Amino acid sequence: MNRRETLVLAALAALVVAAVALRLAASPDGLAWPLDEFERNLRALRIVCALTVGAALAASGVMLQALLRNPLAEPAVLGLTTGAGLGVVISIYIAYTTTGAIILYAPPALPALVGALGALAVVGALGQRRGLIDPVSLILVGVVLSLICGAGIVFVQHLLPDRGVAMATRWVTGAISDETPWSRVAMVGGATTLAIALGMFFGRALDAASLSDDEARSVGVPLGLLRAALFIGSGALTAGAVLIAGPIGFVGLVAPHAVRRLAGPRHRSLMLSSALLGGALIVLADAGVRLIDLGAGRMPIGVLTAILGGPAFLWLLRRERLQP
Amino acid sequence: MRRILLAALVALPTFLMLAGCKDQAPSPAAQPGETRIVALSPAIALIVRDLGLEGRIVGRHAFDLALDKSIPVVGDQSGVDYESLARAQPTHILLDWGSRELPPRLATLAAERSWALRDYTMLSLADIRETTLAIAEDLDDDNARARAAALAQSMDDAWSAQPGFRERCGRCLILFGADSTGAAGPGSFHAQLIESLGGASAVAEGAPFVTLDAEDVRRLDPDSILIFAPGADPARAADLLGPLAHAQLRAVEAGRFAVIAHTHGLTPSTAMIDVARETSAAVLAWPPIAPPPSGTLTP
C-alpha cells in the first residue's frame, strides 16, 4: 500500500471507531451510554450486525464492479439483494405451509444464496451484447430483475395469512432485527472476513482483470477462475447481508466509489477500505434510526440508505454519462 | 491541510458526541405490587384503556392510535425494540402475535425478568369478549374485572340482532377504506358483526380478507354496502365507492350504502361495541329492501 492508501485506511478506521462510539451512545432517550449489560449487549449486537452488513455489501460492490467492469454495478441495482430476499421469503412461505408458523427471525441461509446467485446469473447472461457485457443493458436488466423479484416478494406476502405485514419491514425495506442470533452474525461475519481477505489477496489479479481480457491474460491472470470466484463471492456476501438485514441498497455503490476517489483504484486497498466505509455507513445509519424519533418506532435502515444512496447513484449515473 | 481537515471531520463529531453523552440514571424500578403494562398491540391497548388501566401502560405499539403519544413505542408487528422495552420496566406484556413465530428473545427476557407475557387471540368477536375478560383476570385488578364484566354485557347487547336490521341490510358487502377492492370475507370479525346484528355477508366463500374488483362486486349483487373507513367523512360515501358508484348496483341505486367512520373501526377490540352501534344506526336509516316482484326469479 502506498502512503495515500494507508492514510485513507487510517482515516476510515477512525471513522469506524467514531461511528461505533456514536452507535454505542445512541439510546431511546438521545445520546446516553448503556444503562446496563443488557443494553450494552443489545447495542453491541446491532453494531456487529451493521458492520458485517455494510462490509459485506461494500465488498460485494467492489467484486461486482470488477467482475462486470461496470462502475455502476452493486448488489441492489443488479437485483441481487431482492433476489436473495425472494429466496428467503419463499423459504418462509414453504415453512409456513408445512408447519403453520411464520418463521421470521432466523430463516435458512441457503435460499438467500440461491436467490442472489440466481439473480446474478440472469443479469450476467442477459446483460450482454454480442458476447460482451454492456453497461447500460446490465443496469437495465438488473433494475427489471429487481422489480420482478420485488413483485415476487409481494406475491409471497399476499399468500400469507397476515398478508406479510410482519415480514414487510425486514424483507422488503431492509432492517436490522434485535432478534438476530449471534451464531448467524458469526457465520456471516466469518464468511465476509474471509471473502474480503481473499479479495485483497487477489488484488493484483483484480487490477489486471479490470482492464481488457487480453491484457489480463497477458500478465497470467486465470480469468475464468477469477470470474467464478468473484461470482460466488459477491453472491455469498450479498446473501449474508440479506440474511441479517434484508435488502439494503446503495452501500455497495457509494462505498467503493468514495474510496476510489480518495485512495485510487487498486483493489487490495479498495477492498479493505470499502468494507470499512460500508460498515461505518450502516453503523451510522443504525445510529440515525435510533436517534430520529418520529413517535412511530424505529425507521427501517433501508429507508435511510435509499434516501441518501439514491441521489448518489443518480449523480454517478450522470457522471458516467449514461442516461436512464 | 487535507489530512488535518479529514482528521478534524472525524474527531470533532466524536468529541461532541462523547461530551454530550449523559450518564443516565435508570428509570425508577417497578414497585412491589405495581402493574406496568406494555400493550404490544393496538387492539389490546384499546381494551386495556377501556378497562380503566390506561395510566398503567408504559409501552405501546408503533401503530397505536389510542394511547398518549408520550408513551414510548416498544415495537411493532415486525419486531420488538428491546432497549425501549427494557427501559419501560414492565410487569406485564400483552400482545396478539397471531400465527407468527413469537420473538425468541422476548420469551427468554420475560422469563429472566419475571415479566408476565400474555399472547391473546383476537380474530373473532368471541375472541374479543374472551380476551377482555382474560386481561382483567391476568392483571388481577378488581376494578378492571368489574369493567370487563360490564364491557362483556355491552358486547352481548351491541352484538345482537336489532329489530329492522335484517330487512334493511340483507346480504351486505363489507369494504375497507377508500379502496373498494378489499372486502371482508367469511370468518372475519366484520362479517361476524353484521351477522350478529341480523344481516349476512355478501362474500360467503373465501378467506376473511378477500380482494375484489368491480366485476366481482356486480356478480355478487349485494343488497347493501358498508365501507369501514376510519376518519372518513360519512357524507362523502358516494365518493368512497369509486367505480362501484357507476356499476349499476342495486345497493347503490337504492341508497343502501354507508361509511362507518369510527376511528377504531378496523381494530378487533372493545371499540367494536361502538362500531356495532354506529353500523346499526347507519343501516336502520336505509329503506327496507323491496321484495322481488311476483313471478320473477331471484339468484
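Residues numbered from 1 in each chain as written. Chains lettered and ligands numbered in written order. Predicted model: local features only at pLDDT ≥ 70, side-chain atom pairs only at ≥ 80, totals over all residues. Heavy atoms only, no water.

Explain the overall build of chain B here, please?
When you go through chain B residue by residue, the secondary structure sums to 12 helices and 12 strands. Counting the 299 residues in chain B, one finds 49% classified as buried. Taking as baseline every contact in chain B between residues at least 6 positions apart, the subset at least 24 positions apart corresponds to 63%. Total accessible area computed for chain B in this model is approximately 14,000 Å², and 56% of it derives from carbon and sulfur atoms. (Helix = DSSP H or I, 4+ residues; strand = E, 2+ residues; numbered from the N terminus. Buried < 20%, exposed > 50% of the residue type's maximum accessible area, 1.4 Å probe, protein only. Contact = heavy atoms within 4.5 Å. Areas by Shrake-Rupley, 256 points an atom, 1.4 Å probe, with all protein chains shown as cover.)

Would you mind showing me how to read the confidence of the model for chain B here?
Regions with low pLDDT carry predicted coordinates that are not meant to be interpreted in detail. Overall, the predicted model of chain B reaches an average pLDDT of 86, with 85% of residues at or above 70. Under a pLDDT of 50 for its full length, residues 15–26 of chain B has, in the predicted model, 23 contacts with residues more than four places off or in other chains. (pLDDT = per-residue confidence, 0-100.)

What is the right way to read the sheet that holds strand β1 (residues 37–39) of chain B from this model?
Residue and element names in this part refer to chain B. Taken together, the 6 strands give an open sheet; going across it, the order is β4-β3-β2-β1-β5-β6, and neighbouring strands pair in mixed fashion. Two strands close off the open sheet at either side, each with one partner strand: β4 (79–80) and β6 (116–119). The pairing of strand β3 (residues 73–76) with β4 spans 2 bridges and is antiparallel. Bridge pairing links G75 to V80 in β4. Against the sheet, helix α4 (residues 104–113) engages β4, β5 (92–95) and β6, with an angle of about 140° to β6. (Pairing = 2+ DSSP bridges. Axes fitted to C-alpha atoms, helices over the stretch in contact; angles between N-to-C directions.)

Whenever I open this one, the side chain of S41 of chain B confuses me. Can you help?
All names here are of chain B. By the secondary structure assignment, S41 is in the loop between β1 and α2 (42–50). We classify S41 as buried; its relative accessible area is 2%. At 2.6 Å, the side chain of S41 and the side chain of D96 are in polar contact. Among residues more than four places away in sequence, those in contact with S41 are H61, L94, L95 and D96. (Polar contact = N/O pair within 3.5 Å; in protein donor to acceptor, adjacent residues only side chain to side chain.)

What is the right way to read the packing of aromatic side chains from this model?
For any pair of aromatic rings, the description consists of the separation of the ring centres together with the inter-plane angle of the planes. A complete count under the given rule lists 3 aromatic pairs over all chains for this structure. With centroids separated by 6.3 Å and ring planes inclined at 45°, the aromatic side chains of Y93 of chain A and Y96 of chain A adopt a geometry described as tilted. Here the residue Y93 of chain A and the residue Y96 of chain A both occupy positions in helix α3 (residues 80–99), the gap between them amounting to 3 residues, near one helical turn. Take Y93 of chain A: its relative accessible area is 25%, and that puts it in the partly exposed class. According to the relative accessible area criterion, Y96 of chain A is partly exposed, its value standing at 22%. Ring geometry for F201 of chain A and F202 of chain A: centres 5.2 Å apart, planes at 85°, overall edge-to-face. With a relative accessible area of 61%, F201 of chain A lands in the exposed category. Under the relative-accessibility criterion, F202 of chain A is labelled partly exposed at 37%. For R105 of chain B, the ring lying beneath its charged end belongs to Y82 of chain B, and the centroid distance is 5.7 Å. (Phe/Tyr/Trp six-rings, centres within 6.5 Å; stacked < 30°, edge-to-face > 60°. Lys NZ or Arg CZ within 6 Å of the ring centre and 35° of its normal.)

Can you walk me through the nonpolar core in this structure?
The nonpolar side chains of a soluble globular protein tend to be buried, and buried together. Judged by nonpolar contacts, the single largest core of 88 residues is most densely connected at L78, I248 and M271 of chain A. The element best represented in this core is helix α2 (residues 37–68) of chain A, accounting for 15 residues. When neighbours within four sequence positions are excluded, I248 of chain A is seen to be in contact with V53, L57, A76, T81, G174, I282, I301, G302 and T305 of chain A. L67, I71, L94 and C169 of chain B belong to the second-largest nonpolar core, a separate cluster that totals 48 residues. (Core = buried A, V, L, I, M, F, W, Y, C linked by side-chain atoms within 4.5 Å.)

Could you clarify how one ought to interpret the domain arrangement of chain B in this entry?
Where interface size is quoted, it is often the accessible area lost as the parts come together. Residues and elements named next belong to chain B. Entries for chain B in the domain assignment read domain 1 (16–156) and domain 2 (160–284). Each of domain 1 and domain 2 has a C-alpha centre, and the two are 31 Å apart. With 18 residues of domain 1 at the interface, the matching set in domain 2 holds 16 residues. Both sides together, the interface formed by domain 1 and domain 2 hides about 1,200 Å², and carbon and sulfur atoms give 68% of it. Looking at the side of domain 1 facing domain 2, the largest losses of area belong to L46, L125 and I128, adding up to 38% of the total buried there. The interface formed by domain 1 and domain 2 holds 0 salt bridges in total. Put simply, domain 1 and domain 2 have 2 residue pairs in polar contact (both at pLDDT 80 or more) between them. (Domains from an automatic or database assignment. Buried area = accessible area lost by both parts, 1.4 Å probe. Salt bridge = Lys/Arg side-chain N within 4 Å of Asp/Glu carboxyl O.)

For this particular structure, what's the right way to read unusual backbone geometry?
Leave glycine aside and you will find that most residues have negative phi; peptide bonds, for their part, are mostly trans. Residue and element names in this part refer to chain A. Although it is not a glycine, F250 sits at a positive phi angle of roughly 80°. You can see F250 is positioned in the loop between α10 (223–245) and α11 (251–263). On the basis of relative accessible area, F250 is assigned to the buried category, the value being 18%.

Just checking my understanding: could you explain the side chain of E74 of chain A for this structure?
All names here are of chain A. For E74, the location among the structural elements is in the loop between α2 and α3. Here E74 occupies a buried position and makes no salt bridge, while the nearest side chain of opposite charge, R260, is found at 11 Å. Within the local environment of E74, its side chain forms a polar contact with the backbone nitrogen of L253, the two atoms lying 3.4 Å apart. E74 has contacts with L64, G249, F250, V251, G252 and L253, leaving out every residue within four places of it along the chain. (Lys, Arg positive; Asp, Glu negative; His and termini not counted.)

Can you walk me through helix α13 (residues 301–319) of chain A in this structure?
Residues and elements named next belong to chain A. The end-to-end C-alpha distance of α13 is 27 Å, a good match for the 27 Å that 19 residues give at a rise of 1.5 Å each. At G309, α13 shows its strongest bend, of approximately 30°, with the proline P311 following within four residues. Taken residue by residue, α13 has I301, G302, L304, T305, G309, G310, F313, L316 and L317 as its buried positions. (Expected span 1.5 Å × (residues − 1). Bend = angle between axes of the 7 residues up to and from the residue.)

Whenever I open this one, a nonpolar patch on the surface confuses me. Can you help?
Residue and element names in this part refer to chain A. A cluster of nonpolar side chains, contributed by L194, L198, F201 and F202, occupies part of the molecular surface with about 430 Å² of accessible area. Within the secondary structure, L194 is located in helix α7 (residues 182–201). Of the residues examined, L194 reaches a relative accessible area of 55% and is grouped as exposed. (Patch = residues over 30% accessible without salt bridge, like charges linked within 9 Å, V, L, I, M, F, W, Y side chains within 5 Å.)

Would you mind showing me how to read the state of the cysteines here?
Counted according to the given criterion, the structure contains 0 disulfides over all chains. With no disulfide of its own, C172 of chain B lies 4.2 Å from the sulfur of C169 of chain B, the closest cysteine sulfur. (Disulfide = S-S within 2.5 Å.)

What is the right way to read the environment of V136 of chain A from this model?
Tracing the chain through its elements places V136 of chain A in helix α5 (residues 135–159). As a C-alpha pair, V136 of chain A and N70 of chain A span 66 residues in sequence and 9.2 Å in three-dimensional space.

Please clarify how the packing of α3 of chain A against helix α4 (residues 110–126) of chain A should be interpreted in this entry.
All names here are of chain A. Here α3 crosses α4 at 140°, and the two axes come no closer than 7 Å. With respect to α4, the element α3 is oriented oblique. In the packing of α3 onto α4, the handedness of the crossing is right-handed. For the pair α3 and α4, the contacting residues are L80, G83, A84, G87, V88 and S91 in the first and P111, A112, G115, A116, A119 and L120 in the second. Grouping the constituent residues of the contact of α3 with α4 by class yields 8 nonpolar, 4 polar and no charged. (Parallel < 35°, antiparallel > 145°, perpendicular 65-115°, else oblique. Left-handed = near helix turned anticlockwise from the far one by under 90°. Nonpolar A, V, L, I, M, F, W, Y, C, P; charged D, E, K, R; others polar.)

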